[in-house]
Amino acid sequence: MGAFLDIPKFKRLPRHIAIIPDGNRRWAIARGLEKHEGYNNGVIPGLEVYDMCVKIGIDEVTFFGFTQDNTKRPQIQRKAFVDACIKSVQEISKRNAEILVIGNTDSNIFPKELLAYTKRTKVGKGKIKINFFNKLWLVLGFSICV
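It should be emphasised that the depicted structure is a prediction, and the values quoted were computed from it without experimental measurement.

Calculation rules
- In every chain, residue numbers begin from 1 and rise along the written sequence.
- Only residues with pLDDT of at least 70 get local features here, since the model is predicted, and only at 80 or more are side-chain atom pairs given and counted; chain-wide, interface and lining totals rely on the full set of residues.
- Excluding hydrogens and water, the side-chain values take into account all heavy atoms of the structure.
- The way it works is that DSSP assigns letters per residue, a run of H or I at least four long becomes a helix, a run of E at least two long becomes a strand, and they are numbered from the N terminus.
- Classification of residues uses two cut-offs on accessible area relative to the type maximum, computed with a 1.4 Å probe and protein chains only: under 20% is buried, over 50% is exposed, and between them is partly exposed.
- Residues count as neighbours in contact if any of their non-hydrogen atoms are within 4.5 Å of one another.
- The protein chains shown are the only cover counted for residues, whose accessible areas, like all others here, come from Shrake-Rupley with a 1.4 Å probe.
- Two rings belonging to Phe, Tyr or Trp (six-membered ring only in the last case) form a pair when the distance between their centres is within 6.5 Å. Interplanar angles under 30 degrees mark stacking, angles over 60 mark edge-to-face geometry, and anything in between is tilted.
- Under this definition, polar contacts are N or O atom pairs within 3.5 Å; protein pairs additionally need one hydrogen-donor-capable and one acceptor-capable atom, and for neighbouring residues in sequence, both atoms have to be side-chain atoms.
- All axes here are fitted lines through C-alpha atoms, helices being fitted over the stretch that makes contact, and every angle between N-to-C directions spans 0 to 180 degrees.
- The hand of a helix crossing depends on one turn: near helix anticlockwise from the far one by less than a right angle means left-handed, and clockwise means right-handed.
- Only Asp, Glu, Lys and Arg are considered charged, only Ala, Val, Leu, Ile, Met, Phe, Trp, Tyr, Cys and Pro nonpolar, and every remaining residue, Gly among them, polar.

Re the overall build of the protein chain
For step 1, the next point in the chain: Looking only at helices and strands, the protein chain has 4 helices and 5 strands in total.
For step 2, the next point in the chain: When the elements of the protein chain are put in sequence order from the N terminus, they spell out β-α-α-α-β-α-β-β-β.
For step 3, the next point in the chain: By residue count, 42% of the 146 residues in the protein chain fall in the buried class.
For step 4, the next point in the chain: Put simply, of all contacts in the protein chain between residues at least 6 apart along the chain, 79% involve residues at least 24 apart.
For step 5, the next point in the chain: For the protein chain, the exposed surface amounts to about 8,400 Å²; the carbon and sulfur share of it is 51%.

Shown next as structure tokens:
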């Protein structure tokens, strides 16, 4: 599981945690990549977070992202972010989860590929609730780089 090989035992766990993915562009630049390449490279660490949460028994995870500032970025970065969001939801849909994408489906930037998940959708055994929320188009895929 990548960076999360040794998961400590906890006496108490929260039932619901929220994550704000950040740093994808800085991560890419630090590795000599273009800024937009950071988003796609963040999908795998995001899946590792999912795996860790399932393993330690977190009931629900909400991923937040895509602020007003993101809309001011070049088109190639905005597209890379949206593509990473779609890929993230598609990857989670291959696992055991209950997926909910929260957003304004009337927005012209809401990905059509995510419409099926705007009502909580159980996939597999539905072990954990995963919410994707975005303040701007009110949807999020996660993209975390470590």
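Things to note about the packing of aromatic side chains
For step 1, the next point in the chain: Tallied over the entire structure, the rule returns 2 aromatic pairs.
For step 2, the next point in the chain: Their ring planes at 90 degrees and their centres at 5.4 Å tell us that Y39 and F81 sit as a pair that is edge-to-face. Placement of the pair is Y39 in helix α2 (residues 37–41) and F81 in helix α4 (residues 75–92), with a sequence separation of 42 residues.
For step 3, the next point in the chain: For Y39, a relative accessible area of 4% translates into the label buried.

Brief notes about the side chain of T62
For step 1, the next point in the chain: Topologically, T62 is positioned in strand β2 (residues 60–65).
For step 2, the next point in the chain: Judged by relative accessible area, which is 7%, T62 ranks as buried.
For step 3, the next point in the chain: A polar atom in the side chain of T62 sits 2.9 Å from the side chain of N131.
For step 4, the next point in the chain: Leave out the neighbours within four places in its chain, and T62 touches H16, I17, A18, I19, N131 and F133.

Focus on the packing of helix α3 (residues 43–56) against α4
For step 1, the next point in the chain: The interhelical angle for the contact between α3 and α4, taken along N-to-C directions, is 35 degrees, at an axis separation of 10 Å. Remark: the crossing between α3 and α4 carries right-handed chirality. Residue-level inspection shows V43, L47 and Y50 of α3 in contact with α4, the latter providing A84, K87, S88, E91 and I92.
For step 2, the next point in the chain: Split into classes, the residues belonging to the contact of α3 with α4 amount to 5 nonpolar, 1 polar and 2 charged.

Everything listed here is a matter of geometry and, on its own, says nothing about what the molecule does.
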